[in-house]
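Spelled out from the first residue to the last, the chains are:
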Amino acid sequence: MTLLHNSGFPRIGHKRELKFALERYWRGEDSLEKLESTAADLRARHWQLQQDAGLDLIPVNDFSLYDQILDHSLLLSAVPSRFGDLSRLTHADAAFCIARGKNAQGQPVAAGEMTKWFDTNYHFIVPELRRGQQFLIGSNKLFEEVAEARALGHTNIKPVLPGPLTWLWLSKTGEAEFDRLELLDSLVEAYGEILLRLAGLGVEWVQLDEPALALDLPAAWKQAYESAYSRLQGTPVKLLLATYFGPLKDNLHLAARLPVDGLHLDAVRAPGELLNLADHLPAYKVLSAGIIDGRNIWRSDLAQALTVLDPLKQRLGKRLWLAPSCSLLHVPVDLLSEAELDKELKDWMAFAVQKLDELALLKQGLHATGEQRSLLLADNTRAAQTRRQSTRIHNPGVQERLQSLTADMAQRHSDYRKRRPQQISLPLFPTTTIGSFPQTAEIRQARRKFRQGQMDAAGYREKMREEIRKVVKIQERLGLDVLVHGEAERNDMVEYFGEQLEGFAFTRFGWVQSYGSRCVKPPILFGDVSRPAPMTVEWSSYAQSLTERPMKGMLTGPVTILNWSFVRNDQPRASTCRQLALALRDEVRDLERAGIRVIQIDEAALREGLPLRRSDWQEYLDWAVESFRISAAAVQDSTQIHTHMCYSEFNDIMPFIAAMDADVITIETSRSHMELLDAFRDFDYPAEIGPGVYDIHSANIPRQEDILALLKKALERIPAEHLWINPDCGLKTRTWEEVQPALENMLAAARQLRQQHQKQNRARA
Ligand SMILES: Nc1nc2c(c(=O)[nH]1)N[C@@H](CNc1ccc(C(=O)N[C@@H](CCC(=O)N[C@@H](CCC(=O)N[C@@H](CCC(=O)O)C(=O)O)C(=O)O)C(=O)O)cc1)CN2
Ligand SMILES: [Zn+2]
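Residues numbered from 1 in each chain as written. Chains lettered and ligands numbered in written order. Predicted model: local features only at pLDDT ≥ 70, side-chain atom pairs only at ≥ 80, totals over all residues. Heavy atoms only, no water.

Test applied: UniProt positions are given in the numbering used here, feature names are shortened, and annotations may be inferred rather than shown by experiment.
Per an unreviewed UniProt entry, the recorded name for the protein is 5-methyltetrahydropteroyltriglutamate--homocysteine methyltransferase, and the organism is Thiolapillus brandeum. In its Function (unreviewed entry) section, the UniProt entry covering the protein states "Catalyzes the transfer of a methyl group from 5-methyltetrahydrofolate to homocysteine resulting in methionine formation." According to its UniProt record, the protein has this under Catalytic activity (unreviewed entry): "5-methyltetrahydropteroyltri-L-glutamate + L-homocysteine = tetrahydropteroyltri-L-glutamate + L-methionine".

Next comes the structure, spelled out in structure tokens:
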């Protein structure tokens with residue numbers, strides 16, 4: 001029979017139990033034992049659930065209290081020296097030190113850098129390596145979890161680890177640059193020991209995740225794959241090499257050839273490669289088809305899947321395995337929790353639990369024929385059909401508007417140089433923030449009460465207005481130049497808009513981990529998108545009415561809404577994005593009409609949505625940039641358009657960033673010490689830039705002199721009249737105790753910079 005397995009299950013819990021347990025522990029309200037026991041309960045529940053679903057191999061070590069890549073760094077003793085000796089701490093506490101920026105003595109140090117996991121909204125902690133580093137087994141977490149699963153009676157387990165090359169590829173070097181491949185020997189040796197220990201625990205199969213094989217790899221790295229895996233040959237466990245998130249393309253032959261016992265392919269993103277791989281795979285190897293989409297929430301079309309699997313099964317027999325395309329970390333836990341979700345829409349969806357059921361059904365279907373098969377698939381086929389034929393997806397008005405899009409709609413009247421003198425006048429080095437202020441317990445509680453009917457709309461509105469008054473006053477007192485309303489009314493910068501747009505559905509418990517204990521609840525974009533009414537105008541106008549200073553309108557851009565939602569898969573993403581752009585265009589125009597002179601359109605996820613392969617960049621960037629421009633270009637020259645991006649590796653895409661034609665772009669740069677600005681200098685970026693001057697992800701308060709030093713570095717790269725001063729990103733995850741002093745220091749640094757700059761200019765004159 002065909003073997004079923006899984007690469008990972010969401011660990012946060014269907015009611016986010018892990019999030020709340022973590023935060024209680026961090027606040028000192030719970031003991032570590034309490035946290036560990038919640039974690040163990042979750043693992044036990046998830047293993048059982050997968051066992052009950054009929055999986056033949058259940059993943060172990062997919063669980064993490066913070067991040068699986070960080071866990072792996074600890075397993076390899078790859079801890080940056082600034083954290084001191086963490087070896088006496090538990091695995092959990094060591095991980096929290098690195099993730100949250102504390103050394104072994106509990107003093108604040110720079111946290112491990114967080115970055116995007118491929119093209120997902122999950123963030124991992126970047127391994128930091130030093131020259132000559134040795135890798136030794138430094139944590140028992142992996143082995144303990146294997147023992148734990150066995151003690152619960154699960155003998156059919158498959159530990160999952162990041163593969164050596166992917167882990168190394170995702171790492172960065174410290175101050176001293178060197179070729180990371182120098183470390184491969186020691187790394188492979190450590191893997192050898194890890195695998196040996198797993199074999200000693202009775203493990204038969206180990207999955208090594210190598211999604212880096214879906215990337216453009218330099219020749220030396222391809223070579224390194226060959227040498228690393230041939231050195232692991234003969235290890236006493238069987239190895240399943242897992243690739244996902246994209247086709248293998250030029251790495252296909254390499255992947256097929258590596259001396260392992262099985263290869264997993266993402267059959268959702270690379271359907272065309274399955275047969276090709278089957279042809280190239282040596283006869284002793286297993287081919288695991290990742291046929292159920294681990295990145296989206298739509299029910300699979302199982303009949304369609306079987307047309308792909310039938311010929312494979314003929315060719316491979318028992319050597320064909322089935323699995324979700326990737327770890328289910330990226331989808332919510334259980335659709336059954338969604339009591340309030342529209343019945344028809346719900347019928348089209350599958351969350352993690354349902355995806356495992358689909359997998360089991362697919363196996364039954366694969367081994368059945370004719371009428372028996374049709375009978376098995378009947379419900380699935382019916383759901384696929386109603387979705388295809390549903391009138392709720394299609395809105396003729398939206399279609400028409402899309403047809404009537406013209407090129408000039410993506411074009412502002414004049415270029416930046418002509419626009420700037422018509423816009424608000426500001427001091428040199430204007431100061432601002434990225435939009436959100438702390439989402440306090442009080443704000444969230446008000447929203448919960450409102451939702452549960454314990455607070456009426458007027459009460460809720462007044463509560464939010466009270467918050468707006470508070471943040472306006474604080475910003476005036478601090479002396480910021482361009483103010484924000486603080487986004488108190490938003491549960492999330494994407495979900496908030498999803499809730500107000502037609503064509504979206506939203507869930508109650510559809511949480512997905514973003515980083516650490518932080519989760520997002522991506523809205524579900526199922527049909528044509530339109531905007532029944534203004535979404536932000538009332539809040540922004542109210543905020544503007546409280547102050548003489550310019551109030552920035554605050555919107556999430558079309559590309560970011562697209563990338564951070566679960567999106568319909570029945571039309572090209574580009575078309576869906578243009579629909580979003582038109583809806584936002586109307587909002588931008590309404591804000592302008594309401595007297596808002598500065599409008600920020602966040603495109604936090606534009607860079608993250610960049611396809612994994614360079615050959616696909618141009619197509620994506622063309623429609624992504626066009627969509628941003630459609631949303632922004634309706635305004636007069638006198639309205640200043642800002643955009644914000646957090647993940648700011650722009651070196652290779654600078655022309656597209658410039659083509660967005662924003663008047664001001666604020667970006668995340670503090671952790672890279674302004675080096676990201678080199679791209680702007682080299683490109684001769686024409687407009688204004690606010691490079692983030694401090695890291696908002698850490699609770700540490702930035703010092704005035706550090707901010708000033710960063711600003712001086714920025715001035716070496718961009719002209720003074722183009723420089724803005726702001727934090728790296730929004731402040732919603734911080735507390736007021738952190739935000740107030742941090743902004744005070746930022747404004748003090750700004751004043752100092754202005755003074756020094758004036759003095760210099762006078763001296764020069
Ligand atoms: N979508 C998205 N992706 C993003 C970001 C982002 O802001 N949004 N930022 C970057 C970093 N990622 C982040 C992801 C999540 C959070 C975050 O703060 N998430 C919150 C949840 C936000 C939210 O939806 N809050 C709800 C509250 C939901 C909730 O917990 N409700 C409780 C009660 C809440 C309480 O009493 O505190 C309940 O219903 O019972 C609200 O404000 O309404 C969290 O995990 O804590 C921050 C950054 C990259 N990706
Ligand atoms: Zn940001």
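Additional details are given in the paragraphs that follow.
1. Here's the deal with the overall build of the protein
Definition in use: Secondary structure elements follow DSSP: runs of H or I of four or more residues count as helices, runs of E of two or more count as strands, with numbering from the N terminus. Burial classification: accessible surface area is computed with a 1.4 Å probe over protein chains only, and a residue below 20% of its type maximum counts as buried, one above 50% as exposed, and the rest as partly exposed. Throughout, the Shrake-Rupley method with a 1.4 Å probe supplies accessible areas, and for residues the shown protein chains are the sole cover considered. Positive charges come from Lys and Arg alone, negative charges from Asp and Glu alone, with His and the N- and C-terminal ends not counted. By convention, the charge on Lys lies at NZ, on Arg at CZ, on Asp at CG and on Glu at CD.
Summing up its helical and strand segments, the protein has 27 helices and 22 strands in all. In terms of principal-axis extent, the alpha carbons of the protein reach across some 80 × 60 × 50 Å. Counting all 765 residues of the protein, 61% fall into the buried class. Accessible area for the protein stands at about 29300 Å²; split by element, carbon and sulfur atoms hold 50% of it. The centroid of the 93 positive side-chain charges in the protein is displaced by 2 Å from the centroid of its 101 negative side-chain charges.

2. Considering empty space enclosed by the protein
Basically, it comes down to this: Space inside and on the surface of the protein is sampled on a 1 Å grid over the protein atoms alone, with a cavity defined as a set of points where a 1.4 Å probe fits but cannot get out and a pocket as an open set with protein on both sides within 12 Å along at least 5 of 7 lines; lining residues have an atom within 4 Å of a point. Grid points are joined across faces, edges and corners, and a volume is the space filled by probe spheres set on the points.
The tally for this structure, following the rule as stated, stands at seven cavities of 30 Å³ or more. Of the voids in this model, the largest cavity is the one considered here, and its volume is about 220 Å³. If you trace the largest cavity, you find 19 residues lining it, with Gln68, Val160, Asp209, Tyr244 and Ser327 closest to the centre. When residues of the lining of the largest cavity are traced back to their parent elements, those giving at least two are α3 (68-75) and β6 (157-162). With three residues, β6 is the single largest residue contributor to the lining of the largest cavity.

3. Notes on the sheet that holds strand β2 (residues 58-60)
Which entries qualify depends on this criterion: Two strands form a pair only when DSSP identifies at least two bridges running between them. Contacts are residue-level and defined by heavy atoms, with any inter-residue pair within 4.5 Å sufficient. Simply put, an axis is a line fit to the C-alpha atoms, just over the touching stretch for a helix, and the angle between two N-to-C directions goes from 0 to 180 degrees.
With parallel pairing, eight strands are arranged side by side in an open sheet as β1-β12-β11-β10-β9-β8-β6-β2. Of all the strands in the sheet, the pair left with one neighbour each is β1 (3-4) and β2. Bridging between strand β11 (residues 286-292) and strand β12 (residues 320-324) involves five bridges; their strand directions are parallel. By the bridge assignment, Ala289 is partnered in β12 with Leu322. Each of β11 and β12 touches helix α11 (residues 302-316); the most contacted strand, β11, lies at about 175° to it.

4. Focus on the site of ligand 1
Using the following cut-off: Residue proximity to a molecule or strand is established when one non-hydrogen atom of the residue lies within 4 Å of it. Counted as a polar contact is a pair of N or O atoms within 3.5 Å, where, for protein atoms, one must be capable of donating a hydrogen and the other of accepting one, and residues adjacent in sequence contribute only when both atoms are in side chains. Segment limits for the domains were obtained from an automatic or database-derived domain assignment.
Inspection of the region around ligand 1 gives 23 residues, with Arg16, Lys19, Arg447, Asp492 and Lys732 positioned closest. One of the side-chain N or O atoms of Arg444 is found 3.3 Å from an oxygen atom in ligand 1. At 3.2 Å from an oxygen atom of ligand 1 is found a main-chain nitrogen or oxygen belonging to Asn491. Look at ligand 1: alone it shows 980 Å² of surface, and the protein chains cover 86% of it. Breaking the shell around ligand 1 down by element, the ones donating at least two residues are α17 (441-451), β14 (512-515) and β15 (518-520). Per-element accounting of the shell around ligand 1 gives the leading share, four residues, to α17. No fewer than three residues from each of domain 1 (3-78 + 113-390) and domain 2 (421-436 + 478-492 + 528-764) sit in the shell around ligand 1.

5. Section: the coordination of the zinc ion (ligand 2)
Around a metal, the perfect tetrahedron of four donors has angles of 109.5 degrees, and the perfect octahedron of six donors has angles of 90 or 180 degrees. Formally: For Na, K and Ca the donor cutoff is 3.2 Å, while for all other metals N, O and S atoms count as donors only within 2.8 Å; water does not appear among the atoms, so some sites may look incomplete.
Coordination of the zinc ion (ligand 2) by the protein involves His644 (NE2), Cys646 (SG) and Cys729 (SG), with metal-donor separations of 2.1 to 2.3 Å. Judged by its relative accessible area of 16%, Cys646 falls in the buried class.

6. Observations regarding the UniProt feature "binding site: Zn(2+) 1" (unreviewed entry) in the protein
The residues that UniProt annotates with the feature "binding site: Zn(2+) 1" (unreviewed entry) are His644, Cys646, Glu668 and Cys729. These annotated residues cover 86 residues of sequence, and their C-alpha atoms lie no more than 8.6 Å from one another, placing them together at a single site. Tracing the sequence through the fold places His644 in strand β20 (residues 640-645). If sequence neighbours within four positions are ignored, His644 has contacts with Ile434, Gln600, Ile601, Asp602, Glu603, Ala604, Thr666, Ile667, Asp728 and Cys729. Within the secondary structure, Glu668 is located in the loop between β21 (664-667) and α25 (677-683).

7. As for the packing of aromatic side chains
Definition in use: Aromatic pairing here means that ring centres of Phe, Tyr or Trp (its six-membered ring) are within 6.5 Å. Orientation follows from the plane angle: under 30 degrees is stacked, over 60 is edge-to-face, and everything else is tilted. In this scheme, Lys NZ or Arg CZ marks a charge over a ring once it lies within 6 Å of the ring centre and within 35 degrees of the ring normal.
The tally for this structure, following the rule as stated, stands at 18 aromatic pairs. Judged by centre distance (5.7 Å) and plane angle (50°), the ring pair of Phe118 and Phe245 falls under tilted. Here Phe118, found in the loop between β3 (114-116) and β4 (123-125), pairs with Phe245, found in the loop between β9 (238-242) and α9 (252-257); they are 127 residues apart in sequence, far enough to count as distant. Accessibility classification places Phe118 together with Phe245 in one group, the buried group. Judged by centre distance (5.3 Å) and plane angle (90°), the rings of Tyr496 and Phe497 are edge-to-face. For Tyr496, a relative accessible area of 8% translates into the label buried. The exposure class of Phe497 is buried, given its relative accessible area of 0%. Over the ring of Trp511 we find Arg16, and its NZ or CZ is 3.5 Å from the ring centre. Taking the ring centre of Trp26 as reference, the NZ or CZ of Arg100 above it sits at 4.0 Å.

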